[in-house]
Structure formats: structure tokens, C-alpha cells
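Secondary and tertiary structure notes
Read off the chains here:
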Amino acid sequence: MAFDNSKKYEAFDKKIWLASPTMHGEEIEYVKEAYETNWMSTVGENINEVERITCEKIGCKYSVALSAGTAALHMAMKLAGLKLYGQPDVGHGTLEGKRVFASDMTFDATVNPIVYEGGIPVFIDTEYDTWNMDPVALEKAFEIYPEVKLVVMAHLYGTPGKVEELKAICDKHGAIIIEDAAESLGATYKGAQTGTFGKYNCISFNGNKIITGSAGGMLLTDSLEAANKVRKWSTQARENATWYQHEELGYNYRMSNVIAGVIRGQYPHLEEHIAQKKAIYERYKEGLKGLPVSMNPYDEKNSEPNFWLSCLIIDEEAMCKQVRGEKDVCYVKEQGKSCPTEILEAIASINAEGRPIWKPMHMQPVYRMNGFITKEGNGRARTNAYIAGSAEDVGIDIFNRGLCLPSDNKMTEEQQDKIIEVIRACFE
Ligand SMILES: *Cc1c(COP(=O)(O)O)cnc(C)c1O
């Protein structure tokens, strides 16, 4: 099947992206300053400033600017390995052979760093209220694997998860949290910023995030010792000696002062970007009223997302038949019904970019042998749930029925209205 564009919806001349960088002018000034003062390196004023601004904004004591959010997550895993299983004096200690609980419906950069450090991710199913880690499933996971001491949780699409419940469970079982706030910079839960709830936390400045440096990430922590470790590890782990002396394994993970200049210029616009993203979310919500769909949900009482990506999920009864293989998909159009594939085709037909929901990690071939825990217990034991999908496997269900909508903050109201119109056409 293909979306029937018989109404001849005209395509946008310029593509509407899912989420693209939005520059303002200050960025290039800071980059120029780095160039003109010759701080074209991984040290300089832009890096210092970006670290300072981040701590001020998020409310954490220390931040370490790194080359990517993924690098920050890797450093967080190393810190956790050292803290949980290590010999702090020599800086050794890894997650080697240890199970680590992780969000299941997320970008794979949340979990790959666990494997970099030799750990074994066990995926925790998702809940329907915020599309994040399900506290009920997490509690089940601790019943099955009581020895686990580390939990890595993401805040999907900028929506804070059930922080308080997840934290209480981790505290009860003596586990530490690594928070992946890569998508949720500026979002709050009960007034506190995401990126402050774990022991070691990460943000990202990748090109499609709410603010960007074209690349870049940061590790956030309240521990001076941890921040110093990451400063050392991320700059090749040099010891204090006149020659290159190494007692620990090093990495080349520090942020460039040029990249930091871009981020420095973006920070004053974070709140403005969030307001634009929120307006986009509200406009979709309003425009899609009456259709058998709902927006990605959040806890309106306790949280304020950054609305990085607007998503929708189709009511079960309004789903036409859609079958996804590993790389291909097909669907059968039914009157009054639709599916993410058709809507994505419709959006693409007018030169706009949507995207499927993050395919859950437990469905990924690379992680097929890893554990997966639903609120009912061991999700891997019920292979029928894996093949067909069921209400018990929330991740598969949201992946099947949901999609990310074009959420670029430079999209005009007229452009968004047209996107809404083609989505409506899918349900005719
Ligand atoms: C973008 C992203 C990352 C990785 O950040 P990079 O800066 O691209 O390395 C990690 N986790 C999630 C959930 C992300 O969306």
C-alpha cells in the first residue's frame, strides 16, 4: 500500500524536518572568538562557560563537557562500575559480567555504553502514562535479579518519567541511577530539572536535540570526585608528571572549544525553543481532535516536558492491519482506519519528516539474547507476546501504534495545519 494522495496535497518546497538545528547568531560570534583567540582546542572560555551555564540551569554541582551524549553515558557507566565494583585508588572497576537495568523503549545510545563496559543490559518495559520505564516492571525486575545495583533510565522525547516511584524502588534495593536526559534538557519533574535525579547524569547537544552544538554532550553530577575522574579519563588519563604517564585507561572524549561556542550561543534560547515546541504540541493536540488518536502523554500535575518531539498514538480500534518485518513493512488500508506507516507516507508525500517510535531494545537483533521484564515478569518467557504484541508488552504496542510527528521549531502554523490535514485524510 501507499498513501493515496489523490487530493493532490502539494509538497512543501523546503523540507519540514522532524527536528533540525535552529541558530540565532550568537553562536557564530563565540565560534569566531575561539578562532580569533586561537583557542581551537579542547580547552577555552567557551567550554568553561558552557559548563558553568549548565550547572546554573540544571542545578547540579558539576558538569563535564564531552564530545557527545554517548561519551557522557560511557563515562557514567565507568563511574558506576568503579563505584559499585571497583578499587577507587587505582581507578579500576567495570560492569564486566554484571546485569544493568535499562529503559527499553529508547535510542540505543542509552544502553550501548553498558555493553562498552562489559555489562549486560536487562530491559525494563514501558508504561502508558509517560512512555518511560515502568516502575511496576522495575520492581518485578528486582524480584528476579535482586543483585542488580545500577539502573539507566531515559526521559523519552523530552517527557519526564515517573521519577519519584522509580527512585524509591532504586533506593529500596540499594541501586544507583544513571539518568539519560539527552532528549529532555530543560524539562522538569516537581520543579527539578531532569539530569538531577541520578548519581551520574547525561545530556546531549546532538544536531536534532532541543539546543545543539552540532554535536557534544555532558556528564552531570554532584560528586566532585566523579567529575574529576571524568575530566581525567576524557583527556587520555594523564597523570601529574612531566611526561605522558598513564595509570588508567584513557579516552579522547573532551568537547571542542569551537563546539562549545555554538552551545554557549544556544543556551539563551533554550526556553524559547521549549515554548515553540510546546506550541507545536498543543497545535497538534487541537488539530487532531476528533480523530481516534492521542498525543504522547505526560504527567500534567507533576511534570513539565520540553516537548522535544510531538508524537501520536492511534487508538487500537482505529488501526488498520500493519505488519513489520526486520526492515520492511506493509499495511492494508481500511476505511476510517490508519497506521503509523500510512501516516508517515502521507507526511513524506508533502516533503515533511516523521519517524517511527524508537523500536524497543528488546526487539533489536543486537539485544535479542538480553533479558526483558514486563510488569507481569519475564517478558522473554512469553514468546507469543514477542511475536504478536500484546497489552503486556507495552513497548511493542506503542511502537506499533505510535509515531513521531514533524516537530521542527521553524515550522509555520500554516505548514503544521497542512500536516494535520494530511493526517486527517489518512482516517477517511
Ligand atoms: C541523542 C541521544 C543520546 C546520545 O547523544 P549523542 O550526543 O548523540 O551521543 C543518548 N540517549 C538518547 C535517549 C538520545 O536521544
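Predicted model, so just to flag it, every value in this text is computed and none were measured.

Before going further, it helps to examine the packing of aromatic side chains. Inspection of the entire model under this criterion finds twelve aromatic pairs. The rings of Phe 107, Tyr 157, Trp 308 and Trp 358 are connected pair by pair, giving a single aromatic cluster. Over the aromatic face of Tyr 85 sits the side chain of Lys 98, whose NZ or CZ is 4.8 Å from the ring centroid. Of note, Lys 418 hangs over the ring of Phe 12, and the distance from its end group to the ring centre comes to 5.2 Å.

Put plainly, a disulfide is one covalent bond tying together the sulfur atoms of two cysteines. Throughout the structure, instances matching the rule amount to zero disulfides. Among the cysteines around Cys 330, which has no disulfide bond, Cys 339 carries the closest sulfur, lying 9.5 Å off. Look at Cys 330 and you get partly exposed, because its relative accessible area is 46%.

This part takes up the environment of Ile 53. You can see Ile 53 is positioned in helix H2 (residues 45-58). Each C-alpha atom of the pair Ile 53 and Pro 268 lies 9.6 Å from the other, and the pair is 215 residues apart in sequence.

When you tally the buried positions in strand S9 (residues 217-221), you get five out of five residues, the bulk of the element. On S9, burial covers both faces: Gly 217, Leu 219 and Thr 221 on one face and Met 218 and Leu 220 on the other are all buried. Where strand S1 (residues 62-66) meets S9, five bridges bridge the pair, whose relative direction is antiparallel. Each bridged residue has a counterpart across the sheet, and for Tyr 62 the counterpart in S9 is Thr 221. Summarising the sheet, strand S8 (residues 200-204) and S9 pair through five bridges and their orientation is antiparallel. In the strand pairing of S9, Cys 202 is matched with Leu 219.

Each assigned domain of the chain is listed here: domain 1 (26-268) and domain 2 (270-364 + 383-425). Counting residues at the interface gives 36 residues for domain 1 and 37 residues for domain 2. Between domain 1 and domain 2 the total buried area reaches about 3,100 Å² when both faces are included, carbon and sulfur atoms providing 61% of it. Applying the counting criterion to the domain 1 and domain 2 interface returns one salt bridge. We note a salt bridge from Lys 57 to Glu 271, for which the minimum N-O separation is 2.3 Å. Where domain 1 meets domain 2, there are 17 residue pairs in polar contact (both at pLDDT 80 or more).

The environment of the ligand is formed by 15 residues, the closest being Thr 70, Asp 180, Glu 183, Ser 204 and Lys 209. Between an oxygen atom of the ligand and a side-chain N or O atom of Ser 204, the distance comes to 2.7 Å. In isolation the ligand offers 380 Å² of accessible surface; the protein chains occlude 94% of this area.

Turning our eyes to something else, we now look at the sheet that holds strand S10 (residues 293-295). Strands sit in the order S10-S12-S18-S15 across an open sheet of four strands; the sheet is antiparallel. Two strands close off the open sheet at either side, each with one partner strand: S10 and strand S15 (355-356). As paired elements, S15 and strand S18 (residues 402-404) share two bridges and run antiparallel to each other. Its bridge partner being in S18, Arg 355 is matched across the sheet by Cys 404. Contacts between helix H12 (residues 394-401) and the sheet are confined to strand S12 (311-314), S15 and S18, with S18 contributing the most and set at about 60° to the helix.

Conventions we followed
- Residues numbered from 1 in each chain as written.
- Predicted model: local features only at pLDDT ≥ 70, side-chain atom pairs only at ≥ 80, totals over all residues.
- Heavy atoms only, no water.
- Phe/Tyr/Trp six-rings, centres within 6.5 Å; stacked < 30°, edge-to-face > 60°.
- Lys NZ or Arg CZ within 6 Å of the ring centre and 35° of its normal.
- Disulfide = S-S within 2.5 Å.
- Buried < 20%, exposed > 50% of the residue type's maximum accessible area, 1.4 Å probe, protein only.
- Helix = DSSP H or I, 4+ residues; strand = E, 2+ residues; numbered from the N terminus.
- Pairing = 2+ DSSP bridges.
- Domains from an automatic or database assignment.
- Contact = heavy atoms within 4.5 Å.
- Buried area = accessible area lost by both parts, 1.4 Å probe.
- Salt bridge = Lys/Arg side-chain N within 4 Å of Asp/Glu carboxyl O.
- Polar contact = N/O pair within 3.5 Å; in protein donor to acceptor, adjacent residues only side chain to side chain.
- Near = heavy atom within 4 Å.
- Areas by Shrake-Rupley, 256 points an atom, 1.4 Å probe, with all protein chains shown as cover.
- Axes fitted to C-alpha atoms, helices over the stretch in contact; angles between N-to-C directions.

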